[in-house]
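# Chains, contacts and geometry: an overview
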Amino acid sequence: MTAERRPDEPPDAEFADVLRHAGDPAALARCSAAERQDLLARVTRAISEIEAGQERAAVRERRLRQSAERLQEQSWQAVAEGRADHARQAASWQDTVRSHAAELSAGQAAGQASLEQLRAIARQLAGDADAPAPITAA
């Protein structure tokens, strides 16, 4: 089984480098137009990957919440049938599943913040993509 990224995790190792360059106006000013285009492509790819991760996380969260509801029903049924040990076990699993769903929800919120930051950077780069690189004195 492969480990999946959380929705708020960067899509690749370049993410920090992309943010560092794109978020630094001085570094951007030193970039050529081709480098800014490349940076825009990397930011756009990161946005797409994070959005896809967000969608997968939303589906997993929804399924976990449905499982928690089924476990609650099973717990009630076990109580009604006098099987307290089964009710406790179902309730324990329900708590675990709900906890995982809450973690996914928190990860999605953090991922949303990353998306907003990347979108702002993409807008900045798209506006700068056609502008010539400024000449700086060495």
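### Here's the deal with the overall build of the protein chain
Across its full length, the protein chain holds 4 helices and 0 strands. Counting from the amino terminus, the protein chain carries its helices and strands in the arrangement α-α-α-α. When contacts within the protein chain are restricted to residue pairs at least 6 apart in sequence, those whose partners lie at least 24 apart make up 82%. Accessible surface for the protein chain amounts to roughly 8800 Å². Of this, 53% is attributable to carbon and sulfur atoms.

### So, the confidence of the model for the protein chain
On average, residues of the protein chain score 80 in pLDDT, and 74% of them reach the 70 mark or higher. Per-element confidence in the protein chain ranges from a low mean pLDDT of 65 for helix 1 (residues 15-22) to a high of 92 for helix 3 (residues 33-80). Segment residues 130-138 is flagged for pLDDT under 50; beyond a separation of four residues in sequence, or across chains, it makes 9 contacts in the model.

### Structural notes on the nonpolar core
L39, L40, V43, A46, I47, I50, L115, L118, I121, A122 and L125 form the largest nonpolar core, which has 11 residues in total. Going through the elements one at a time, helix 3 and helix 4 (84-128) are the ones with two or more residues in this core. No other element matches the 6 residues that helix 3 contributes to this core. With 7 residues, the next largest nonpolar core counts L64, L71, A101 and L104 among its residues.

### Quick notes on the side chain of E61
With respect to the secondary-structure elements, E61 resides in helix 3. Residue classification places E61 among the buried positions, given a relative accessible area of 13%.

### Some remarks on the environment of R65
Looking at the secondary structure, you find R65 in helix 3. Residues in contact with R65, not counting those within four places in the same chain, are A101, A102 and S105.

Quick notes on the rules
Residues numbered from 1 in each chain as written. Predicted model: local features only at pLDDT ≥ 70, side-chain atom pairs only at ≥ 80, totals over all residues. Heavy atoms only, no water. Helix = DSSP H or I, 4+ residues; strand = E, 2+ residues; numbered from the N terminus. Contact = heavy atoms within 4.5 Å. Areas by Shrake-Rupley, 256 points an atom, 1.4 Å probe, with all protein chains shown as cover. pLDDT = per-residue confidence, 0-100. Core = buried A, V, L, I, M, F, W, Y, C linked by side-chain atoms within 4.5 Å. Buried < 20%, exposed > 50% of the residue type's maximum accessible area, 1.4 Å probe, protein only.

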